[in-house]
Amino acid sequence: KEKVEITKEQQALVKVVVEAYNRHQIPQDVAKKLLQDQYSAEENFLLLTEMATSQVQVLVEFTKNIPGFLSLDREDQIALLKGSAVEAMFLRSAQVFSKKMPNGHTEVLEERIRKSGISEEFMTPMFNFYKSIGELHMVEEEQALLTTITILTPDRPYVKDQQAVERLQETILDVLRKMCVLQHPQDPQYFARLLGRLTELRTLSHYHAEMLTSWRVNDHKFTPLLCEIWDVQ
Ligand SMILES: CCOC(=O)[C@H]1CN(C(=O)c2ccc(F)c(F)c2)CC(C)(C)c2c1[nH]c1ccccc21
């Protein structure tokens, strides 16, 4: 039985990433606002765009704290951010959605999200993904490292030095794999299941591109930052 142990520098790496991840939490107040009152679809949509805009700002701040990220080529940093923004949004959404809420709140939240002018066809895969993330009961280290792995995906469009990104991603994958073995000794497949979620995430981000076209049709407004990061208009 191979003795799995996390080295001192790996512990330091996890500490930096988790602290950054927790420091850059989305203010939960948007979710609370959505839960508070019954708004119109337009108001719900506006709340969601506010939530997405602040999440992008949070994402940029978070990536600066990923060890090695700022030493990557500047244009590659942008390519990684742009390429992972939607996936990071859905990962964060899933984490917000699967947070323990007073009973009945999750259903209300789901119903409010459904009534925000988004076509029904995207809701099913989206909520299925949230459920599959929720079922993993990830600890915050796993959430932070999984988000980091998503950001450090080497094969995003326009990334020039993929090897440099791969080296960084491998460092994170290695410590996450060890943590999963230590954290879930009874479930040797846990690490594989975590990575399987990243595949589901990519599918969701394809749906998101289609969602955008349907929103444009109903002339929904987006913030300049969202237009930039989501390639809208
Ligand atoms: C963490 C940042 O996440 C977002 O901003 C998501 C939030 N999304 C959620 O399902 C969601 C999850 C938990 C909540 F508590 C909540 F309130 C929403 C997904 C989506 C509906 C597709 C969306 C978001 N922003 C938009 C802007 C315009 C249109 C659509 C969205």
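Description of the structure in this document.

1. Re the site of the ligand
So, step 1. Around the ligand, the structure places 20 residues, and the nearest of them are Leu34, Leu48, Ala52, Ser93 and Tyr130.
So, step 2. Within the backbone of alanine 52, one N or O atom sits 3.1 Å away from an oxygen atom of the ligand.
So, step 3. Relative to its unbound accessible area of 620 Å², the ligand is 100% covered by the protein chains.
So, step 4. Elements with a contribution of two residues or more to the shell around the ligand: helix H2 (29-36), helix H3 (41-64), helix H4 (74-97), helix H5 (105-114) and helix H6 (120-134).
So, step 5. Here the element with the most residues in the shell around the ligand is H3; it accounts for 6 residues.
So, step 6. Each residue belonging to the shell around the ligand can be placed in one class, and the counts come to 16 nonpolar, 3 polar and 1 charged.

2. Comments concerning the environment of valine 232
So, step 1. Secondary-structure assignment places valine 232 in the segment after helix H10 (224-229).
So, step 2. Look at valine 232 and you get buried, because its relative accessible area is 6%.
So, step 3. Separated by 11 residues in sequence, valine 232 and lysine 221 place their C-alpha atoms 9.8 Å apart.

3. Quick look at the side chain of serine 84
So, step 1. Within the fold, serine 84 resides in helix H4.
So, step 2. Of the polar contacts made by the side chain of serine 84, one reaches the backbone oxygen of leucine 80; its length is 2.8 Å.
So, step 3. Residues in contact with serine 84, not counting those within four places in the same chain, are Thr150, Ile151 and Arg156.

4. Quick notes on the packing of aromatic side chains
So, step 1. Under the defined criterion, the tally for this structure stands at 8 aromatic pairs.
So, step 2. Relative to tyrosine 130, the ring of phenylalanine 127 has its centre 5.6 Å away and its plane inclined at 85°; by these criteria the two rings are edge-to-face. In this pair, phenylalanine 127 and tyrosine 130 are both assigned in helix H6, 3 residues apart and thus about one turn of the helix distant.
So, step 3. Under the relative-accessibility criterion, phenylalanine 127 is labelled buried at 7%.
So, step 4. Under the relative-accessibility criterion, tyrosine 130 is labelled buried at 5%.
So, step 5. Here the aromatic cluster, defined as three or more aromatic residues joined through ring pairs, consists of Phe97, Phe127, Phe129 and Tyr130.
So, step 6. A cation over a ring is seen here: arginine 92 above tyrosine 21, with NZ or CZ 4.2 Å from the ring centre.

5. Concerning the pattern of salt bridges
So, step 1. Within this structure, the stated rule accounts for 15 salt bridges.
So, step 2. In this structure, the salt-bridge partner of glutamate 50 is lysine 33, at a minimum N-O distance of 3.2 Å. Residue glutamate 50 is found in helix H3, and its partner lysine 33 is found in helix H2; the two are separated by 17 residues along the sequence.
So, step 3. Classification of glutamate 50 as partly exposed rests on a relative accessible area of 37%.
So, step 4. In this structure lysine 33 comes out as partly exposed when scored by relative accessible area, which is 29%.
So, step 5. Ionic pairing is found between aspartate 174 and arginine 177, a salt bridge with its closest N-O pair at 2.8 Å. Here the residue aspartate 174 and the residue arginine 177 both occupy positions in helix H8 (residues 162-183), the gap between them amounting to 3 residues, near one helical turn.
So, step 6. Owing to a relative accessible area of 29%, arginine 177 belongs among the partly exposed residues under this scheme.
So, step 7. Because the salt bridges share partners, they merge into one network encompassing Asp73, Glu75 and Lys160.

6. A word on the nonpolar core
So, step 1. By size, the foremost hydrophobic cluster in this structure holds 76 residues, and its most contacted members are Phe90, Met126, Phe129, Phe222 and Trp230.
So, step 2. With 12 residues, the top contributor of residues to this core is H4.
So, step 3. If we ignore the near neighbours within four places in the chain, the residues touching methionine 126 are Phe90, Ile113, Leu204 and Met211.

7. Brief notes about the packing of H4 against helix H7 (residues 140-151)
So, step 1. Remark: H4 packs on H7, axes separated minimally by 8 Å, with the N-to-C direction vectors making an angle of 155°. Our classification of the angle between H4 and H7 gives roughly antiparallel. The handedness of the crossing between H4 and H7 comes out as right-handed. Residue-level contacts link Leu80, Ser84, Glu87, Leu91 and Gln95 of H4 to Gln143, Leu146, Thr147, Thr150 and Ile151 of H7.
So, step 2. Classifying every residue of the contact of H4 with H7 by side-chain character gives 4 nonpolar, 5 polar and 1 charged.

Cut-offs and rules
Residues numbered from 1 in each chain as written. Predicted model: local features only at pLDDT ≥ 70, side-chain atom pairs only at ≥ 80, totals over all residues. Heavy atoms only, no water. Near = heavy atom within 4 Å. Polar contact = N/O pair within 3.5 Å; in protein donor to acceptor, adjacent residues only side chain to side chain. Areas by Shrake-Rupley, 256 points an atom, 1.4 Å probe, with all protein chains shown as cover. Helix = DSSP H or I, 4+ residues; strand = E, 2+ residues; numbered from the N terminus. Nonpolar A, V, L, I, M, F, W, Y, C, P; charged D, E, K, R; others polar. Buried < 20%, exposed > 50% of the residue type's maximum accessible area, 1.4 Å probe, protein only. Contact = heavy atoms within 4.5 Å. Phe/Tyr/Trp six-rings, centres within 6.5 Å; stacked < 30°, edge-to-face > 60°. Lys NZ or Arg CZ within 6 Å of the ring centre and 35° of its normal. Salt bridge = Lys/Arg side-chain N within 4 Å of Asp/Glu carboxyl O. Core = buried A, V, L, I, M, F, W, Y, C linked by side-chain atoms within 4.5 Å. Axes fitted to C-alpha atoms, helices over the stretch in contact; angles between N-to-C directions. Parallel < 35°, antiparallel > 145°, perpendicular 65-115°, else oblique. Left-handed = near helix turned anticlockwise from the far one by under 90°.

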